[in-house]
2 protein chains.
Amino acid sequence: MTACLFCNIVAGKTPAQFVYQDELAVAFKDIHPKARVHLLVVPRLHVASLDDLDNTHDALMAHMIRLLPIVAREQGLANGFRTIINTGAGGGQEIAHLHLHLLGGPPLPGF
Amino acid sequence: MTACLFCNIVAGKTPAQFVYQDELAVAFKDIHPKARVHLLVVPRLHVASLDDLDNTHDALMAHMIRLLPIVAREQGLANGFRTIINTGAGGGQEIAHLHLHLLGGPPLPGF
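Values in this document were obtained by computation on a predicted structure and should not be read as measured data.

Visitor: Break down the confidence of the model for chain A for me, with residues and values.
Guide: Mean pLDDT over chain A works out to 95, with 95% of the residues at or above the 70 mark. Scoring of the predicted complex yields 0.96 for pTM and 0.95 for ipTM.

Visitor: How would you sum up the pairing of strand S2 (residues 25–29) of chain B? Please name residues and give values.
Guide: All names here are of chain B. Counting buried positions along S2 yields four of five residues, so the element is predominantly enclosed. Examined bridge by bridge, strand S1 (residues 18–21) and S2 share three bridges and lie antiparallel to one another. Across the sheet, the residue bridging to Tyr-20 is Ala-27, located in S2. Between S1 and S2, which pair antiparallel in sequence order, lie three residues. Note: S2 against strand S3 (residues 37–43), five bridges, orientation antiparallel. Counterpart to Lys-29 in the pairing with S3 is Leu-39.

Visitor: Any chance you could break down the packing of helix H2 (residues 58–74) of chain A against helix H2 (residues 58–74) of chain B for me, citing the residues and the numbers?
Guide: At a minimum axis distance of 8 Å, the contact between H2(A) and H2(B) shows a crossing angle of 100°. Comparing the axis directions of H2(A) and H2(B) gives the class roughly perpendicular. Side by side, H2(A) and H2(B) meet where A:Asp58, A:Met61, A:Ala62, A:Ile65 and A:Arg66 of the first sit next to B:Asp58, B:Met61, B:Ala62, B:Ile65 and B:Arg66 of the second. Of the residues contributing to the contact of H2(A) with H2(B), the split by class is six nonpolar, no polar and four charged.

Visitor: I'd like a rundown of the interface of chain A and chain B, residues and numbers included.
Guide: On the side of chain B, 35 residues touch chain A, which itself brings 35 residues to the contact. Taking both sides of the interface into account, the surface hidden between chain A and chain B amounts to around 2800 Å²; carbon and sulfur atoms contribute 63%. Applying the counting criterion to the chain A and chain B interface returns four salt bridges. In this structure, B:Arg66 and A:Asp58 form a salt bridge, with 2.7 Å as the shortest nitrogen-oxygen distance. The tally of links from chain A across to chain B stands at 16 residue pairs in polar contact (both at pLDDT 80 or more). Per-element tally for the side of chain A that touches chain B: the top contributor is H2(A), with eight residues. Inspection of the sheet shows strand S4 (residues 81–87) of chain A paired to strand S4 (residues 81–87) of chain B by seven bridges, in the antiparallel sense. Bridging across to S4(B), A:Asn86 finds its partner in B:Arg82.

Rules behind the numbers
- Residues numbered from 1 in each chain as written.
- Chains lettered and ligands numbered in written order.
- Predicted model: local features only at pLDDT ≥ 70, side-chain atom pairs only at ≥ 80, totals over all residues.
- Heavy atoms only, no water.
- pLDDT = per-residue confidence, 0-100.
- Buried < 20%, exposed > 50% of the residue type's maximum accessible area, 1.4 Å probe, protein only.
- Helix = DSSP H or I, 4+ residues; strand = E, 2+ residues; numbered from the N terminus.
- Pairing = 2+ DSSP bridges.
- Axes fitted to C-alpha atoms, helices over the stretch in contact; angles between N-to-C directions.
- Parallel < 35°, antiparallel > 145°, perpendicular 65-115°, else oblique.
- Contact = heavy atoms within 4.5 Å.
- Nonpolar A, V, L, I, M, F, W, Y, C, P; charged D, E, K, R; others polar.
- Buried area = accessible area lost by both parts, 1.4 Å probe.
- Salt bridge = Lys/Arg side-chain N within 4 Å of Asp/Glu carboxyl O.
- Polar contact = N/O pair within 3.5 Å; in protein donor to acceptor, adjacent residues only side chain to side chain.

And the structure:
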């Protein structure tokens, strides 16, 4: 076990409800869903937040962004979905391992 | 003028309050701000939404993701920021030209 919850989930040491896995990223259900579908898309690599990205992460980030509509369609979100990325305490980030929230289906949280 | 509002803004044909511009993307103030700082980060290239990305957009998307913390810092958001990408009608997308909302400063919308 490491100190990072999402590293432990990626490693299979902490349980999660996975809906997608590949060599670079995983997607699993948020344990406190804010919508009918609420997933977290998480890189296997530990990166704390968007603040910590450099050009070595470009391929990973492009991969994760293009995963979003694929995973959304697999979840039946044919009409669309919302992606939220919280960066830092002031952005509402709660786990210091980069994660993309994917939300869909009524009720979507207000924006 | 084209039928696309954001293409017209990128081309300088429709006014906007720009805070950042480079060869691939621009950032300007949302005209209906939901937080003290509410910007839209928009590719110059017309892409309708995340649903329309393919691997030819990977470098562009990586560039835009890494722009976010740079633009956030320039806006004084030292404590963090939130990124929201709405895809499709069911995701709350209102303009069919890909855009990343960058929000920060109190009050951040609830999530």
